[in-house]
Amino acid sequence: MKIAVAGTGYVGLVAGVCFAEMDHDVTCVDVDEKKVEVMRQGISPIYEEGLEELMQKNNAKGTLHFTTDYKEAYKDADAIFIGVGTPEMPDGSANLSYIATVSRQIAETVEKDCLVVVKSTVPVGTNDKVEQFIKDFLVHDVKVEVASNPEFLAQGTAVYDTLHAARIIIGTESREAEALLKKIYEPFNLPIVSVKRRSAEMIKYACNDFLALKISYMNDIANLCELVGADITDVAKGMSYDERIGARFLNAGIGFGGSCFPKDTKALKHLAREYGYQLKTVEACVDVNSAQKVRLFEKAKERMISFSGLKAAVLGLTFKAGTDDLREAPSIDNLKLLLAAGADVYAYDPKGEERARQLFPEGKLEQGTMSYVSDPYKALEGANICFVFTEWGEIKAITPEQFKSRMHTPLVYDGRNLYDPKQMKEAGVEYYSIGR
Ligand code: UGA
């Protein structure tokens, strides 16, 4: 099957590479010439386990191509997958301008019947609009249909999640579209759930927002645990044995980040309001998360007279471990607050430093200063306070004794519950975590 993929971010690139792995003839399109050149050499623009190996393998096999020439890629494709971004607008709605640009390019270039498959997360009803938009601008006398095929991969495990997906959701409005998508996914040998287009679009939001709600619920319960003297880790463990609840996404912490949950909760809240409905559960989830992100800083503020001139070790910057992505990471909110309060921040992250430097360049920043260090122990050396924002293995490996011996004042605020409070206390570390 000849497949074109528009957009080479997490969704587009991983989908394209995995389709190529299944022996489809895939061309990935991106506007950025430099990025395309790098990908042609088998180098991934994003850090994702196993991705480069598959890129190189399929580049060599001849099933994977990269181009900026969308006309060439689209004109005779059997299916064109759209995986471009749908970032958040200031009002919380999804920005569909990239989808619109690609739709117009498709309309003006396709020379044979084809199926356009929207993989990007889009508000319910967008696929109808995309189909109409393409029809309005079609140049050649061909039949183009639009299908929804939401993506469920998580960053850090993107390739694995795609090749071993729990299910493939396809949303179509015709038997032909359904059959074509099933054929494309046949080699993956995964369960396929076929529904109508609007339901497929809704499944994506319903899943992400459910998981976000689950996290906010646990964060809310964690905050209550602190007040009543319970331990959220034990509470989560006790809950996890109930199969109706499940063991995953029960970790309380510094709040969820990333390019999906924050955006998709706000987008669904916005969509509901557009239809005159208030989605109270999701709205509460958004509010709980905003407060959670700065909870540790607020606690630390109560403890300190001032942060001015203090050495603050910041361990972990990315929104979770296993990725170099900083989008909506709780570390960003906290770094802004710390720097505005005059702290000298020494930050460590094994993968996120390069991206962090773009947001927080080294040197004088706001009232404080920003520095990056190559290992977590350097950050701790002589520090007056330490914040943990990401659950990287190398951060988890720090022992209570190391906090105690390296820091000037062993005072640790842990947003990921990585250490044992009892052991920290025994080692003489003043330790605050979430819900314990
Ligand atoms: C999420 C979903 O998990 C994917 O299924 C979905 O495809 C993706 O969004 C998307 O829409 O593209 P992702 O944002 O990569 O994936 O990361 P997650 O592993 O879900 O983590 C999201 C945030 O929740 C992170 O900040 C993480 O630290 C936080 N989290 C996760 C918790 O605070 N507690 C948990 O128990 C689990």
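Computed from a predicted structure; not experimentally measured.

**Student:** When you look at the packing of aromatic side chains in this model, what are you seeing that I'm missing?
**Tutor:** Two aromatic rings, taken as a pair, are described by how far apart their centres are and by the angle between their planes. Within this structure, the stated rule accounts for 14 aromatic pairs. Ring centres 5.3 Å apart and planes at 50° place the aromatic pair Y185 and F188 in the tilted group. F188 carries the same exposure label as Y185, and that label is buried. Each member of the aromatic cluster is reached from another via a ring pair, and the members are F19, F81, Y185 and F188. Positioned above the aromatic ring of F152 is the side chain of R167, whose terminal nitrogen or guanidinium carbon lies 3.8 Å from the ring centre. The cationic tip of K351 hangs over the ring face of Y47; the distance from NZ or CZ to the ring centre is 4.7 Å.

**Student:** Hey, could you run me through the packing of helix 1 (residues 10-21) against helix 3 (residues 51-61) in this one?
**Tutor:** Packed helices, taken two at a time, are described by the angle their axes make and the gap between the axes. Two numbers describe how helix 1 lies on helix 3: the axes approach to 9 Å, and their chain directions differ by 50°. Considering their axes alone, helix 1 and helix 3 lie oblique with respect to each other. The element helix 1 and its partner helix 3 pack so that their crossing is left-handed. Counted together, L13, V14, V17, A20 and E21 of helix 1 and L51, L54, M55, K57, N58 and K61 of helix 3 form the full contact between these two elements. Here the residues of the contact of helix 1 with helix 3 are counted per class, giving seven nonpolar, one polar and three charged.

**Student:** Can you help me understand unusual backbone geometry in this one?
**Tutor:** Across the chain, the bulk of peptide bonds are trans and the bulk of non-glycine residues have phi less than zero. Positive phi is not limited to glycine here, since F249 has a value of about 60°. Relative to the helices and strands, F249 resides in the loop between helix 10 (232-240) and helix 11 (261-274). A positive phi angle, close to 50°, is found at E366, a residue other than glycine. Looking at E366, the relative accessible area reads 55%, which means it is exposed.

**Student:** Honestly, the nonpolar core in this entry has me stumped. Any pointers?
**Tutor:** Nonpolar side chains in soluble globular proteins generally cluster together in the buried interior. The biggest cluster of nonpolar side chains holds 39 residues, and the ones touching the most others in it are V345, M370 and I385. Looking at which element gives the most residues to this core, the answer is helix 14 (residues 330-340), with four residues. With near-sequence residues (within four places) excluded, M370 lies in contact with L335, L339, V345, A347, F360, P361, E362, G363 and L365. Counting residues in hydrophobic clusters, the runner-up holds 37 residues, among them V36, A79, L115 and L190.

**Student:** Explain the site of the ligand to me, please; I cannot follow it from the model alone.
**Tutor:** Of all residues adjacent to the ligand, which total 19 residues, the nearest are L153, Q155, K204, N208 and R416. K320 is positioned such that a nitrogen or oxygen atom in its side chain is 2.9 Å from an oxygen atom of the ligand. With the chains in place, 89% of the 720 Å² that the ligand exposes on its own is no longer accessible. Broken down by secondary-structure element, the contributors of at least two residues to the shell around the ligand are helix 9 (197-228) and helix 11. Counting residues per element, the shell around the ligand draws most heavily on helix 9, at three residues.

Rules and cut-offs
Residues numbered from 1 in each chain as written. Predicted model: local features only at pLDDT ≥ 70, side-chain atom pairs only at ≥ 80, totals over all residues. Heavy atoms only, no water. Phe/Tyr/Trp six-rings, centres within 6.5 Å; stacked < 30°, edge-to-face > 60°. Buried < 20%, exposed > 50% of the residue type's maximum accessible area, 1.4 Å probe, protein only. Lys NZ or Arg CZ within 6 Å of the ring centre and 35° of its normal. Axes fitted to C-alpha atoms, helices over the stretch in contact; angles between N-to-C directions. Helix = DSSP H or I, 4+ residues; strand = E, 2+ residues; numbered from the N terminus. Parallel < 35°, antiparallel > 145°, perpendicular 65-115°, else oblique. Left-handed = near helix turned anticlockwise from the far one by under 90°. Contact = heavy atoms within 4.5 Å. Nonpolar A, V, L, I, M, F, W, Y, C, P; charged D, E, K, R; others polar. Core = buried A, V, L, I, M, F, W, Y, C linked by side-chain atoms within 4.5 Å. Near = heavy atom within 4 Å. Polar contact = N/O pair within 3.5 Å; in protein donor to acceptor, adjacent residues only side chain to side chain. Areas by Shrake-Rupley, 256 points an atom, 1.4 Å probe, with all protein chains shown as cover.

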